[in-house]
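Understanding the architecture of this molecule
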Amino acid sequence: MKALFAALALLSGCTGATSSVRTHPAPDVSTVDTLFAAYASPEAPGASVVVLHEGKAVLSRAYGLAELPERTPATTATHYRLASLSKQFTAMAILRLVEEGRLRYDDRVAELLPGFPAHASEVRIRHLLNHTSGIWDYEAFVPDTQTVQVKDRDVLELVSRAERTYFPPGTAVRYSNSGYAVLALLVERVSGMPFARFLHERVFTPAGMRSTVAHEEGVSTVPQRAYGYVADANGFRPRDQSSTSAVLGDGGIYSSVEELVAWDRALDTHALIGEATQRLAWTAPTLPDGTSGRYGFGWFIDEDRGRPRLSHHGETSGFTNAIVKYPEQRLTVIVLTNRAGGEPWRLAQRVADLWLGSPGAIPWPFETFPNAR
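Source: prediction; values computed, not measured. Note that residues are indexed from 1 along each chain, following the sequence as it is written. Restriction of local features to residues with pLDDT of at least 70 applies here, the model being predicted, together with a cutoff of 80 or more for giving and counting side-chain atom pairs; totals for whole chains, interfaces and linings are based on all residues. The side-chain quantities take in all heavy atoms of the structure and omit both hydrogens and water.

Another aspect to go through is the sheet that holds strand β10 (residues 300-304). Paired strands are those between which DSSP finds at least two bridges. Strands are runs of DSSP state E lasting at least 2 residues, helices are runs of H or I lasting at least 4, and numbering of each runs from the N terminus. Taking strand neighbours across the sheet as the criterion, the six strands line up as β2-β1-β13-β12-β11-β10 in an open arrangement whose pairing is antiparallel. If you trace the sheet from one side to the other, it starts and ends with β2 (56-63) and β10, each paired once. On average, each strand axis in the sheet is inclined to that of its neighbour by 15°, with strand direction left out of account. As paired elements, strand β1 (residues 47-53) and strand β13 (residues 331-337) share seven bridges and run antiparallel to each other. Bridging from a neighbouring strand, Ser48 pairs with Leu336 of β13. Any two residues whose heavy atoms approach within 4.5 Å are treated as being in contact. In this description, a line fitted to the C-alpha atoms serves as the axis of each element, helices being fitted only across the stretch in contact, and the angle between N-to-C directions of two axes falls anywhere from 0 to 180 degrees. Helix α8 (residues 257-268) rests against β1, β2, β12 (319-326) and β13 of the sheet, and its axis sits at about 30° to β1.

Here we take up the sheet that holds strand β5 (residues 80-81). Taken in spatial order, the three strands line up as β5-β9-β6 in an open sheet, and their pairing is antiparallel. The strands lining the two open edges of the sheet, one partner per strand, are β5 and β6 (213-214). Pairing of β5 with strand β9 (residues 253-255) involves two bridges; the strand directions are antiparallel. Residue Arg81 lies in a different strand from β9, and its bridge partner there is Tyr254.

UniProt positions are given in the numbering used here, feature names are shortened, and annotations may be inferred rather than shown by experiment. UniProt annotation of "domain: Beta-lactamase-related" (unreviewed entry) refers to residues 42-344 when read in the numbering used here. Within residues 42-344, the helical portion is 24% and the strand portion 21%, while the C-alpha atoms at the span's ends are 19 Å from each other.

It is worth spelling out the nonpolar core at this point. The biggest cluster of nonpolar side chains holds 100 residues, and the ones touching the most others in it are Phe36, Phe89 and Trp263. Buried residues of nine kinds, namely Ala, Val, Leu, Ile, Met, Phe, Trp, Tyr and Cys, make up a nonpolar core once their side-chain atoms join them within 4.5 Å. Note on exposure labels: buried denotes an accessible area under 20% of the residue type's maximum, exposed denotes more than 50%, and partly exposed covers the range between, all computed with a 1.4 Å probe on protein chains only. Judged by nonpolar contacts, the second largest core, of 10 residues, contains Tyr138, Val155, Ala181 and Val247.

A word on α8. Think of an α-helix as turning once every 3.6 residues; residues three or four places apart then point the same way. To estimate how far a helix should reach, multiply one less than its number of residues by 1.5 Å. Over its 12 residues, α8 runs 16 Å from end to end, which matches the ideal 16 Å to within 8%, given 1.5 Å per residue. Along α8, 10 of the 12 residues are buried, which leaves the element largely enclosed by surrounding structure. Of all the positions in α8, only Val257, Glu259, Leu260, Val261, Ala262, Trp263, Asp264, Ala266, Leu267 and Asp268 are classed as buried.

This is the structure:
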């Protein structure tokens, strides 16, 4: 893992990084189409995929349907709910506030956010960012029978029902949707504006993302919206929302692969935060036992055969997504789907391997990460 940190540190400007991606000849499009054959049915929910190399989209494809009753085809402009891919945007909101001097990574959350549970008084902002806070999962306190949707503001009361943290903050790692909902509340508290508005004004717009939205029912509209589905014995049925789908900080953003091209470019050109801050976001903490926490600020972090690799998967009601980024090779693959289940992270990796010319990558970190889902 030290080699990973060193490699990332050398990327002081990603635009100058040396590419070792096989592009001559580029992988055949038909090979990618074959990988996505299960999504290509004209009667089933689909997928959109983009491959970026050196800041340019070198492949963009879409398969299947964005909405079944109207038989609306999925396109590269179709907007899917990103699920946990949203976490990198929540982290970016915090990073912007830190660079402005309005927050510090080691600020105690309890001193900034009224209502934060007393049993978590030692939790710092960095603990929320890299999943080392130990605060309980708010989903554990939402009954299966609940019909009213949970909002970010409800998360504080839910996690306050616990009597302790899973472990002393900073000593271990456990994936936490609660942590990212709390980060959204911190953004609201410190900035004085709603989280969705902050994302629009301070993250999406300066990144060149014109139609991405942190969606609030009755407040905002998702353009070219994909709806979520789940398979059963009779085919696919709608499953677009759950009781926790309205929480924004951990997974409420809608975007398209076209919009995420602009996002990836903004990261590589440091359009939103400085190079040093970006390197920190892509650095996993070392735990007290000497092991890597494998998560930075909004990204899983590991090595794939000596290459630094950033990744994230996202699963929510009716949507499953994946992103993998090789900053040293300036290669990114994004797969968005509007169906529950499937393993788009494996597809994303197989597509990346076509460009890297080295199939058989190691599993993604989330697959063995405590509580990741």
